[in-house]
Amino acid sequence: MIVNPGMPNQGVMRGLSGSLAFRILLIETILLVIPLLIFAGLMYYEDSRLQAKDNRFTLQLILHGKGELIEEVMDRESDFLKYVNKVRPSQSKLQFLADRDLSTELFHLAKKDGKYICDEASLPELVGRDYSEIIPEEIVGNGALFGNSETNRFYFLQSFSQGEEIWVTGFSPKRLTDKLSIEKNVPYPTVISLLSDSGTVLLSTDTTWQKWHLPSAREKEEQFSFLGENYVGEFEKIPRSNLLLLVAAPRHTNFVDIPYFLAKMVILLLIILVIGGGATIWLTVRLGKPLRNLCAAMERIRLADMSARYIPDRMGFEINVVGTIFNAMIVSLNDFIYRIRKEKAAKEAFERELMIGQEVQNSILPKELPSFPGLDIAARFISAKEVGGDFYDFLVRPSQDGDRLFFAIADTAGKGIYACLYSLTVRSMLRSYGEIHEDLETITKETNNLFCLDTGDSGVFVTAWLAFYDEKTRELSFSNCGHFPAYLLRANGTIEKLTTEGMALGVEKFDEVQTSSVQLNSGDSLLLFTDGVVEAHNGEMKMFGEKQLMESFKKRKELKAKQIVDELIEEVAFFAGGSPQYDDLTLIVIKVD
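Quick caveat, the model's predicted, so the values are computed rather than measured.

## Some points on the overall build of the chain
For step 1, the next point in the chain: When its secondary structure is counted, the chain shows 13 helices and 20 strands.
For step 2, the next point in the chain: Within the chain, buried positions represent 45% of all 593 residues.
For step 3, the next point in the chain: Residue pairs at least 24 apart in sequence account for 64% of intrachain contacts in the chain once pairs closer than 6 positions are excluded.
For step 4, the next point in the chain: Surface summary for the chain: the accessible area is close to 31900 Å², and the carbon and sulfur share equals 57%.

Right, dumping it as structure tokens:
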């Protein structure tokens, strides 16, 4: 019987009401949390007097660290602009260099008539603007940082040629805020801000501070009120800039855990452990027994003992729920393993059948192409993932008046081993009748009529294109049985379709077979193919098509037959672009020397 593990029954769910977690929480609350809260309240007043000192020290550390960070950013921007001035990049390169982790724009200022005009920029709309208002009276060798309260933008300026040229990087407050953000693991609400000399907040990690005016910044007051909140803060003038750095935090914030406070807490914990430790340890061990039993069952499963099960315990509570689900899971797992093994056996049987089919399919194709006087012959077959029914064959008929070459290309409807076996049957019939009879009509008719006895009502049929070539007369006699036409590329570049009226082999008996003939000349090329070539498609489901095949064939008419076949197959593969191959690809090229 297979148990559904997806949903425990109502009796199992009621076991959750006696939760292990609830009992542990109750014990901790009675024995630990309540006494600790009382103790913490008594010590709060004594410990709070150290808060202000610790807060001041912490703010100074943060201020120093963020000040160094800003100076590092300025030094890096200075080095970057010196590099830009040295290489003088193109417009497209300027756009690439501008979009970095900090900056959003990059431009060059030239001094003209006492004004600084932009003549090169990563953004075309900046060219021609007057930026004199952002230029300080003096820019030191390593550049200067300027914050503009009106545009809410920040600029780093690096002068060259004794102040006649200035390279500038501009960046938004958000990117600079990301650089100044407090580390995520710091558990206190610190606000870091950049202020102008007048005390206007230009940038802050707390967006509610943006654009506010803090007069206390100019006097560098250690305590101030802002938006109804009392703050403590540390200020520092940023060298090489018009900015003040402010690090502030609410006055009630406590940054540092006080060591001796923890020591008192440890003493209280020891007292609590002496009183309630024994009972707590016993209860914990007893409550852990069901979990150990469940782990033991899991260990047996890990060692491949699929008969292991969890036995419910009266102190198990929710562990019993997990154990019930675990038992149901093992039952389902055993069933799943059985089905996997069954599917694996079926897959292996299919793979053996597929291997047999591939061996049969390979046996159908000629081991090597014939060497026939006056002809350059090449053929290529590429099988799909499934066994298919494509095949081609060549048969040389020696004669005192000149040899004759019988050849065919065919495609059996369907996939799999049965299609391959029908292909083998047709190929054997064609070869047998090709050895006996001299005319193409008799070979085709006898093959079809005998094949119809095998197909019956199966619906299997074979499309084929058959031909005889006479060495002496260079005449090609052919018949098309529901297959694609053959294409004859003349030496002068014209293309002729070689086809006849005819039905596929195996559909019904033939009373007569229509044939035709054509005279081949030196330099002529003949192309035969199956549907896997023209119906190959790319990712957009667009097919390669006969038209493109003919154009590619025509472009390669001067090449050897093997080169033509190889390059056409390569072009079809490139067109498909990695899309799955659903059918066999077969190509034959015959050139008249």
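## Observations regarding the packing of helix H12 (residues 545-555) against helix H13 (residues 561-576)
For step 1, the next point in the chain: The geometry of H12 relative to H13 is characterised by a closest axis approach of 10 Å and an angle of 140° between their N-to-C directions. Between H12 and H13, the angle is such that the two are oblique. Viewed along their axes, H12 and H13 form a crossing whose handedness is right-handed. Residues Gln548, Leu549, Ser552 and Phe553 of H12 lie in contact with H13, whose contacting residues are Ile564, Leu568, Glu571 and Phe575.
For step 2, the next point in the chain: Grouping the amino acids of the contact of H12 with H13 by side-chain chemistry returns five nonpolar, two polar and one charged.

## A look at the sheet that holds strand E9 (residues 229-237)
For step 1, the next point in the chain: Here we have five strands laid out as an open sheet, ordered E7-E6-E10-E9-E8, and antiparallel in their pairing. Each having just a single partner strand, strand E7 (201-204) and strand E8 (223-226) make up the two edges of the open sheet. Here the average twist between neighbouring strands, direction ignored, is 35°.
For step 2, the next point in the chain: With seven bridges connecting them, E9 and strand E10 (residues 243-250) associate as antiparallel partners. The partner of Tyr231 across the bridge, within E10, is Pro250.

Basis of the calculations
- Residues numbered from 1 in each chain as written.
- Predicted model: local features only at pLDDT ≥ 70, side-chain atom pairs only at ≥ 80, totals over all residues.
- Heavy atoms only, no water.
- Helix = DSSP H or I, 4+ residues; strand = E, 2+ residues; numbered from the N terminus.
- Buried < 20%, exposed > 50% of the residue type's maximum accessible area, 1.4 Å probe, protein only.
- Contact = heavy atoms within 4.5 Å.
- Areas by Shrake-Rupley, 256 points an atom, 1.4 Å probe, with all protein chains shown as cover.
- Axes fitted to C-alpha atoms, helices over the stretch in contact; angles between N-to-C directions.
- Parallel < 35°, antiparallel > 145°, perpendicular 65-115°, else oblique.
- Left-handed = near helix turned anticlockwise from the far one by under 90°.
- Nonpolar A, V, L, I, M, F, W, Y, C, P; charged D, E, K, R; others polar.
- Pairing = 2+ DSSP bridges.

Scope: geometric values only; no functional claims are made or implied.
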